[in-house]
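Structural description and commentary
So you can see what is in the structure, the chains are spelled out below.
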Amino acid sequence: MPDRRAAIVIHDGVQALDVAGPGDVFAEANGVLGGRATYRTVLVARTREPVTASNGMRLLPDHSLEDAQQPFSIVLVAGGPELPAAPPDEELSAWLRKAAAQADLYGSVCTGAFALGHAGLLDGRAATTHWQIAQHLAALFPQARIDPDRIYLRDGRLITSAGVTAGIDLALALVAQDHGAVIAQAVAKRLLVIAQRQGGQSQFSPFLAAPADAGSPLARVQQHVLEHLGETLSVRQLATVAQTSERSLWRLFKDVGLTPHDFVEGARVDAARNLLEGSETPLKVIAYDCGFGNPERMRAVFCRRLGVSPAQYRDSFRMRSDTFRAAE
């Protein structure tokens, strides 16, 4: 495998972990592969002046856009909290179009996808980003196919990842592609991370969002559902709560991209997740209280919607009370 020159594009307000995550994966891969600099990572910014990250850390670019004209094997745009609302940067867009044309792979970590979108590099392609701003990305760049549930995604030479730590997942996937799963697993062990996470971003994103109008029919339905999760919730009952006809209720849900069944099931999943994260309540009790009826049904829904079982979810997300117990 030839050496890989990786350029990570940074900017004021960049998320430091979007930069350090992939950089450390590539550095550890070099160590696992015998210390040879198989991956050579450089930072590229508008100028070579220090860049201030969103956490206050200062990063020193290796190249400016002007002098980074040589081809790179991998080009990644790191994300940052301000990128979704930032106006297009024509100088950066022009550089990205040229760099992407020369690279073996190009892409982004988290909100870095917005810079790719402004450069026209998402048009007609499948991509992902952090679940909180995936809808905004899709609206801003309608010619792209945005998948809000993927940890990372490859479409041809385009590689994109979800938020922050997902840049580590993306880089591990690239190492596995270049050098095999055994090397990627060794890198993951050295970094104390999971080589391939189970499930998608749905594990992290709440299913239900509060309706904008607290007095709307949907808001009344949501409150009723959350207060009666363990009961049978038919469309007829929900229409009565919404003070509308069943047909009108279906239309209301269609407008937000759901069916009444999806809504109720999602509410039950959210409630169960909260209990799994914050309590030691037995699975059979959670299944009953949240309206699944039994653990087997709850497991089937979790696997279908989140890609993990309730037990796997609890093991991944709960905080044990004795984790940080002081030494006696």
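Residues numbered from 1 in each chain as written. Predicted model: local features only at pLDDT ≥ 70, side-chain atom pairs only at ≥ 80, totals over all residues. Heavy atoms only, no water.

Take the pairing of strand β2 (residues 39-45) next. Within β2, five of the seven residues are buried, leaving the element largely enclosed by the surrounding structure. Bridge count for strand β1 (residues 4-9) against β2 is six bridges, and the pairing is parallel. Note that in β2 the partner of A7 across the bridge is V42. On the question of chirality, the crossover connecting β1 to the parallel β2 by way of helix α1 (residues 16-32) is right-handed. (Buried < 20%, exposed > 50% of the residue type's maximum accessible area, 1.4 Å probe, protein only. Helix = DSSP H or I, 4+ residues; strand = E, 2+ residues; numbered from the N terminus. Pairing = 2+ DSSP bridges. Right-handed = clockwise from strand over helix to strand, strands pointing away.)

On to the pattern of salt bridges. Scanning all chains against the criterion turns up 12 salt bridges. The salt bridge involving E28 is made with R190; its shortest N-O contact spans 3.0 Å. Here the residue E28 occupies a position in helix α1, and R190 occupies one in helix α6 (residues 181-191), the gap between them amounting to 162 residues. The exposure class of E28 is partly exposed, given its relative accessible area of 22%. One salt bridge connects E265 with R305, and the closest N-O pair in it is separated by 2.7 Å. Highlighted residues: E265 in helix α10 (residues 260-278) and R305 in helix α12 (residues 295-306), separated in sequence by 40 residues. We note that E265, like R305, is buried. (Salt bridge = Lys/Arg side-chain N within 4 Å of Asp/Glu carboxyl O.)

Along the polypeptide, S248 turns up in helix α9 (residues 246-255). Note on S248: relative accessible area 19%, which makes it buried. Here the side chain of S248 touches R251 through a polar contact of 3.2 Å, side chain to side chain. (Polar contact = N/O pair within 3.5 Å; in protein donor to acceptor, adjacent residues only side chain to side chain.)

Turning our eyes to something else, we now look at the packing of aromatic side chains. All told, the structure shown has five aromatic pairs when counted by the stated rule. Ring geometry for F26 versus Y39: centroids 4.9 Å apart, planes at 15 degrees, classification stacked. Of this pair, F26 sits in helix α1 while Y39 is found in strand β2, placing the two residues 13 residues apart along the sequence. The class for Y39 is buried, based on a relative accessible area of 3%. (Phe/Tyr/Trp six-rings, centres within 6.5 Å; stacked < 30°, edge-to-face > 60°.)

Across the sheet, seven strands lie side by side as β5-β2-β1-β6-β7-β11-β10; this open sheet has mixed pairing. Only two strands of the sheet have a single neighbouring strand rather than two, namely β5 (63-64) and β10 (152-155). Sheet topology note: the strand β6 (residues 74-77)/strand β7 (residues 105-109) ladder contains four bridges and is parallel. Along β7, the bridge assignment pairs V77 with S108. Where helix α2 (residues 90-102) meets the sheet, it contacts β1, β2, β6 and β7, and its direction lies at approximately 150 degrees from that of β6. (Contact = heavy atoms within 4.5 Å. Axes fitted to C-alpha atoms, helices over the stretch in contact; angles between N-to-C directions.)

Bringing the environment of R314 into the picture now. Looking at the element boundaries, R314 is found in helix α13 (residues 310-317). In this structure, the C-alpha to C-alpha distance between R314 and L275, residues 39 residues apart in sequence, is 9.0 Å. Apart from the residues within four sequence positions on either side, R314 is in contact with L275, L276, S279, E280, T281, L283 and I286. At 2.9 Å, the side chain of R314 forms a polar contact with the backbone oxygen of S279.

Soluble globular proteins: nonpolar side chains tend toward being buried together. Formed by 31 residues in total, the largest nonpolar core has its most connected members in V75, W95, L96 and L122. Those elements that place two or more of their residues in this core are β1, β2, β6, α2, α3 (113-118) and α4 (134-140). Not counting the four nearest positions on each side in its chain, V75 is found in contact with A7, V9, W95, L96, A99, A103, L105, Y106 and G107. Ranked by size, the runner-up nonpolar core spans 27 residues in total, among them V221, V225, L249 and C290. (Core = buried A, V, L, I, M, F, W, Y, C linked by side-chain atoms within 4.5 Å.)

Next up on the list: α9. Residues S248, L249 and F253 constitute the buried set of α9. Looking straight down α9, one finds its buried side chains confined to an arc of 135 degrees; they lie on one side. Facing away from the buried side of α9 by over 90 degrees, the exposed positions are R247, K254 and D255. If you follow the buried residues of α9, they end up packed against α7 (217-227), α8 (235-242) and α10. Downstream of α9 by one or two residues, G257 has phi in the positive range, about 80 degrees. (Arc of directions from axis to C-beta.)

Purely geometric numbers; function is a separate question.
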